[in-house]
Structures are given as structure tokens and as C-alpha cells.
Amino acid sequence: MGQEPIGFDEKRSSLRVDMEAERIRLDWINAQGESCVDHGICIDLARKGVLFDFKAPFKVGDLIALTFNENTDRQNTIKGQVCRCSECSAHSYYIAIQLI
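Reading the values: rules and limits
- Positions within a chain are numbered from 1, following the residues in the order the chain's sequence is written.
- In keeping with the predicted nature of the model, local features appear solely for residues at pLDDT of at least 70, side-chain atom pairs appear and are counted solely at 80 or more, and the whole-chain, interface and lining totals rest on all residues.
- The side-chain quantities take in all heavy atoms of the structure and omit both hydrogens and water.
- Any carboxyl oxygen of Asp or Glu within 4 Å of a side-chain nitrogen of Lys or Arg constitutes a salt bridge here.
- Think of it this way: any DSSP run of H or I at least four residues long counts as a helix, any run of E at least two long counts as a strand, and we number them from the N terminus.
- A pair of strands is labelled paired if DSSP reports no fewer than 2 bridges between them.

Asker: Help me understand the pattern of salt bridges, please; the structure alone is not making it clear to me.
Answerer: Side chains that differ in sign of charge can pair as their charged atoms come close. Within this structure, the stated rule accounts for 3 salt bridges. Between Asp38 and Lys55 there is a salt bridge whose closest N-O contact spans 2.9 Å. In this pair, Asp38 sits in strand β2 (residues 35–46) while Lys55 sits in the loop between β3 (49–54) and β4 (63–68), placing the two residues 17 residues apart along the sequence. What emerges from the salt-bridge pattern is a single network uniting Arg25, Asp27 and Glu70.

Asker: Looking at this structure, how should I read the pairing of strand β6 (residues 92–99)?
Answerer: Residues in a regular strand project their side chains so that they alternate between the two faces of the sheet. Alignment of β3 against β6, held across 6 bridges, turns out to be antiparallel. Note on β6: the bridge partner recorded for Gly49 is Gln98. Both strand β5 (residues 76–89) and β6 contribute to a ladder of 8 bridges, which runs antiparallel. Looking at the pairing, Ser86 lines up with Tyr94 of β6.

Encoded structure:
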């Protein structure tokens, strides 16, 4: 199913879907209470969570809406809560969310 990012141990028993670096839309409310929209790269999708790459960190507990296939007839939005955030490089963070 693909390689795990460094520092992430496989803990799930369900299958995950390799998203092959699919671009996703992110919607969240920042610390100032403002609505924010940006795009990240989905790394994988499992029944209970999503791992994606983003240019900035999120705090554990942050709520994020992820939209797949934006502006198409297959558009789908899911919501989750950040459960892990790891810096990969200066402008790359692996963010794991648990679906809610």
C-alpha cells in the first residue's frame, strides 16, 4: 500500500487508500476566529482518518474540513480533528486527522 512516512508506525487494522498525492481543499477556523481555505496533498485515506501534507503546522485538536475532487461532480467533503502533526522540512508538515 505504500511506504509509511518516517516516524509513523502503522497502528490500524483497516485498509487505507493510497491517494497518490491528490490535491485536496482544506477549510478551517484559525486562532483569530477567521475562516481559512487552502490546499494540501492527501497522502492516504483510511476508514477512520486521513494523512495529508501541508505547508504549515496545525495544532492537535484543530478541526478541518477536507474536500476531495473540488468543483467536480465527484466532490466530497469530510471533517476531522488533528491528532498528530510532524514537521518533514521547513515548509512541509504531515498532518493526521481522525474523522468525526
